[in-house]
Structure formats: structure tokens, C-alpha cells
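# Residue-level structure breakdown
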Amino acid sequence: MRPFLSVVVPCYNEEAVITQTHERLRGVLAGLGDLDFEIVYVDDGSSDRTALLLQRLQREDRSVRVVRFSRNFGHQVAVSAGIDHAAGDAVVLIDADLQDPPETIREMVTRWREGYDVVYGVRTDRPGESAFKLATAKGFYRLMNRLSDTAIPLDTGDFRLMDRKVVTALQSMPERDRFVRGMVSWVGFRQTALPYQRAPRAAGESKYPLFKMLRFAFDGITSFSVAPLRVAIWLGFFASAVAAAGIVYALTLRLWTSMWVTGWTLLFIGILFMGGVQLISLGIIGEYVGRIYAESKRRPLYLVQERIGFEPEASRERGVPAPPVAAYPSQPVRHS
Ligand code: UDP
Ligand code: MG
């Protein structure tokens with residue numbers, strides 16, 4: 001049987017680029033030769049004409065599948081849904097904005113044929129991104145690697161190719177805070193890096209404002225490390241050490257000099273300091289408790305409003321279960 005490749009594209013308000021993206025993707029995939037492919041677009045609750053455009057693409061092109069969410073669930077969830085719906089022997093994740101050049105897929109497929117299970121793109125160059133974004137991204141990945149036990153390669157995004165066995169492994173990971181690139185690292189198997197040049201966004205604007213980026217960074221750290229919880233302990237030690245030094249200082253003055261420590265200032269600073277330390281520690285613990293709470297509700301990860309272009313029979317023939325209606329990965333897959 002000819003190998004089958006799925007390409008997963010998360011889209012959120014991408015009306016400005018989506019048609020252009022499809023043309024380029026199609027061109028590259030059709031040029032791959034002895035390989036069948038499908039393109040799974042996940043419309044992450046777009047409020048612009050993205051849904052309409054995807055529908056149109058699907059009508060003209062049989063290799064297009066569209067999964068439409070009931071609302072915006074976020075980039076990482078959209079990627080996860082795409083993975084759930086992909087029927088390929090290998091699955092490629094790529095952004096809709098052409099920042100990851102589709103031509104790189106060719107090289108990824110070559111590596112996959114050489115026997116690698118994961119081929120992840122490493123950005124050598126990121127033109128068109130603000131110095132702030134570059135600096136924060138760099139800092140974040142370095143911090144992440146210090147804190148977590150899973151080594152996540154530097155300067156990688158979600159642009160990657162994964163073999164079916166990696167996809168199956170990912171589907172067995174039920175967590176809600178999905179930091180996909182970290183999850184893929186955690187899975188293991190034979191992984192290799194593929195350097196590529198990142199292009200500027202072809203059109204439209206970034207869907208990751210600062211606030212979302214911070215949230216994403218937090219998800220990454222808390223999903224892969226409990227080191228922040230240890231911060232509380234160190235802060236506690238530090239505060240105690242400062243207090244002990246203060247006591248020695250005050251006693252020394254009182255016993256051997258005539259300059260006693262008097263007044264409210266020191267007292268006040270001491271109280272503020274302790275209050276700060278306690279609130280920070282509580283906040284860190286709260287962050288983890290909140291995640292446990294969200295996890296314990298066991299809600300579906302996403303809800304699908306509409307699905308176009310899927311042929312359940314075809315994917316079942318390939319031994320891949322039909323996509324679930326509402327996915328919570330640890331539940332048995334429901335056939336629609
Ligand atoms: N995206 C999504 N849901 C969201 C935000 C973004 O599916 O809530 C998609 C978006 O359409 C794009 C990809 O995720 O295909 C990356 O987003 P973007 O290019 O805006 O992020 P940046 O490259 O600026 O970090
Ligand atoms: Mg982008």
C-alpha cells in the first residue's frame with residue numbers, strides 16, 4: 001500500500017492566508033510522488049470567513065478534510081484534534097500562516113523514510129518577528145529545559161512530522177494543558193532535528209498576543225515540571241535566614257551598644273516581606289491546584305460542530321478508528 005500522509009493545519013481567523021496556504025501545501029504534497037495525502041484543517045472557532053473558505057476548498061479538492069470546533073479552544077487543542085482526525089501513516093503539523101515553509105515537508109518525509117519517527121523543525125532564522133518575541137521565546141525555552149526533566153529541543157515550534165506510533169502515543173495522553181511540542185519530546189522514539197528558515201507571516205496577524213503567550217509559557221512549565229513548587233521552600237528558607245540575621249543584629253545592638261533598633265520601619269518591612277513570600281508561594285500552589293481542578297472535571301477537550309470530507313469507511317479500512325465526536329482521549333473512541 002502507498003504510504004499515506006496527513007497534514008494538520010490549525011486555523012483561527014486565517015481568511016487572509018488560507019487559500020494561499022492551501023495552494024502551496026497542495027503543490028508540495030502533489031510533488032511528493034508515490035504517496036497519498038490528506039490535509040486536515042481544524043477551524044478553531046473562527047469568527048471571520050475561514051469556515052466558508054475551507055468549505056469551498058473542500059468542495060474543489062477531495063483531499064481536504066475540515067473539522068470545525070463549536071468555539072475557540074486554542075491552538076494546542078486544535079492541533080490535538082487534528083491529530084485525532086488524521087488517518088495517515090505519518091502526520092505533519094504546520095501553522096496556517098506560511099511561517100513554516102511547506103517545502104520543508106519534502107525533507108521531513110525523506111527523513112521519515114530513512115526510519116525516523118519524529119522529524120522536528122528547528123528555526124535557524126525568524127525574520128519578521130519582534131525582538132521582544134525572539135528574546136522571550138529564547139529565555140523561555142532555556143528556562144523550560146532547566147526546570148523540566150523532559151529535554152525539549154531549543155527553538156522548535158509545532159512544525160514537525162510524526163510517525164503513526166508517535167501519534168498513537170500522543171492520543172493516549174489525556175492531559176488538558178496540552179503543550180504538544182513537550183509531549184512529543186516526552187514520548188521518545190527516534191527523533192531528529194531538521195533546521196529550516198522561518199518566514200514572516202504571509203498575511204493576517206499573529207493570534208498570540210502577549211497574554212496568550214504568557215499563558216502558553218505557564219502551561220508549558222507547569223505541565224512538565226513541579227520545580228516552581230520548590231520555589232516556595234526556597235523562599236521560606238530565605239525569609240527565615242533574613243529573619244535570623246535580623247534577630248542577631250538587633251540583639252547585638254541591644255546588648256553591646258547604645259543604638260537600639262527602634263521604630264516601625266523595620267517591623268513594617270518585615271511584615272510586608274513575609275506577606276509577599278506567603279502570597280507568592282500560595283499563588284504557585286494555586287496554579288497547580290487549579291490545573292488539578294480543571295483536570296478532575298473530565299470535560300471533553302474540544303467539541304466539534306461540523307466535520308466535512310471524512311470518509312469513515314476509508315479510514316477504517318486503514319485500521320484507523322473513526323474520529324471521536326467529543327474527544328477526551330482516555331475515553332473509548334466513539335464512532336460517529
Ligand atoms: N491558532 C489557532 N487557535 C488560536 C490561535 C492560533 O488555531 O486560538 C492557529 C493559527 O491560525 C496559526 C497557528 O495557530 O495557524 C499559529 O498562530 P500564530 O501564527 O498567530 O502564532 P505566532 O506564529 O504568531 O506565534
Ligand atoms: Mg505564526
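Residues numbered from 1 in each chain as written. Chains lettered and ligands numbered in written order. Predicted model: local features only at pLDDT ≥ 70, side-chain atom pairs only at ≥ 80, totals over all residues. Heavy atoms only, no water.

### Here we look at the overall build of the protein
Across its full length, the protein holds eleven helices and nine strands. Principal axes of the C-alpha set define a box for the protein whose edges measure 90 × 40 × 40 Å. For the protein, the proportion of its 336 residues judged to be buried stands at 46%. Taking contacts inside the protein between residues at least 6 apart in sequence as the whole, the part at least 24 apart equals 82%. (Helix = DSSP H or I, 4+ residues; strand = E, 2+ residues; numbered from the N terminus. Buried < 20%, exposed > 50% of the residue type's maximum accessible area, 1.4 Å probe, protein only. Contact = heavy atoms within 4.5 Å.)

### Some thoughts on the coordination of the magnesium ion (ligand 2)
Distances from the magnesium ion (ligand 2) to its protein donors, D97 (OD) and Q99 (OE1), fall within 1.9 Å. When sorted by exposure, D97 lands in the same class as Q99, which is buried. (Donors = N, O, S within 2.8 Å, 3.2 Å for Na, K, Ca; no water.)

### Comments concerning the nonpolar core
F69, L93, M162, L170 and Y302 are the most contacted members of the largest nonpolar core, which totals 40 residues. The element best represented in this core is helix α3 (residues 75–85), accounting for five residues. (Core = buried A, V, L, I, M, F, W, Y, C linked by side-chain atoms within 4.5 Å.)

### Points about unusual backbone geometry
Positioned with a positive phi, N13 is a non-glycine residue whose angle comes to about 50°. Locating N13 in the fold gives a position in the loop between β1 (4–11) and α1 (18–30).

### Some details on the pattern of salt bridges
This structure, assessed with the given rule, holds 19 salt bridges. Here E107 and R111 are joined by a salt bridge, their closest N and O atoms 3.6 Å apart. Of this pair, E107 and R111 both sit in helix α4 (residues 104–113), four residues apart, which is roughly one turn of that helix. Here R111 falls in the buried class, since its relative accessible area comes to 19%. The residue R215 makes a salt bridge to E287 at a minimum N-O spacing of 3.9 Å. One end of the pair, R215, is in helix α8 (residues 210–224); the other, E287, is in helix α10 (residues 265–296), and 72 residues separate them in sequence. (Salt bridge = Lys/Arg side-chain N within 4 Å of Asp/Glu carboxyl O.)

### Notes on a nonpolar patch on the surface
Taken together, the side chains of V226, L229, I285 and V289 define a hydrophobic patch exposed on the protein surface, amounting to about 300 Å² of accessible area. Relative to the helices and strands, V289 resides in helix α10. Since its relative accessible area comes to 47%, V289 is described here as partly exposed. (Patch = residues over 30% accessible without salt bridge, like charges linked within 9 Å, V, L, I, M, F, W, Y side chains within 5 Å. Areas by Shrake-Rupley, 256 points an atom, 1.4 Å probe, with all protein chains shown as cover.)

### Looking at the packing of aromatic side chains
Counted under the stated rule, the structure contains six aromatic pairs. Ring centres 5.3 Å apart and planes at 85° place the aromatic pair F69 and F73 in the edge-to-face group. Residue F69 is classed as buried on the basis of its relative accessible area, which comes to 1%. Since its relative accessible area comes to 16%, F73 is described here as buried. With a centroid separation of 5.1 Å and 80° between ring planes, the pair formed by F159 and Y196 is classed as edge-to-face. Here F159, found in strand β6 (residues 156–163), pairs with Y196, found in strand β7 (residues 191–197); they are 37 residues apart in sequence, far enough to count as distant. (Phe/Tyr/Trp six-rings, centres within 6.5 Å; stacked < 30°, edge-to-face > 60°.)

### Overview of the pairing of β7
Burial along β7 is one-sided: the residues T192, L194 and Y196 are buried and none of Q191, A193, P195 and Q197 is. For strand β5 (residues 118–125) and β7, the ladder comprises seven bridges, and the chain directions are parallel. Note that in β7 the partner of V122 across the bridge is P195. (Pairing = 2+ DSSP bridges.)

### A short note on the site of ligand 1
Taken together, 18 residues lie near ligand 1, and E14, D44, D97, S206 and K207 sit nearest. Within the complex, 95% of the 530 Å² of free accessible area of ligand 1 lies under protein. (Near = heavy atom within 4 Å.)

### Topic: the confidence of the model for the protein
Overall, the predicted model of the protein reaches an average pLDDT of 83, with 90% of residues at or above 70. pLDDT under 50 marks residues 328–336. Its contacts with residues more than four places away, or in other chains, come to 28 contacts. (pLDDT = per-residue confidence, 0-100.)

### Re the side chain of D219
Within the fold, D219 resides in helix α8. Those residues in contact with D219, other than ones at most four positions away along the chain, are D177 and R291.

### Remarks on α4
Given 3.6 residues per turn, any residue in an α-helix points the same way as the ones three and four places further on. The set of residues buried in α4 consists of T104, I105, M108, V109, R111 and W112. Looking down the long axis of α4, one finds its buried residues gathered within 160° of arc, a one-sided arrangement. Contacts from the buried residues of α4 go to β1, α1, β4 (90–93), β5, β6 and β7. One or two residues past the end of α4 sits G115, with phi positive at roughly 115°. (Arc of directions from axis to C-beta.)

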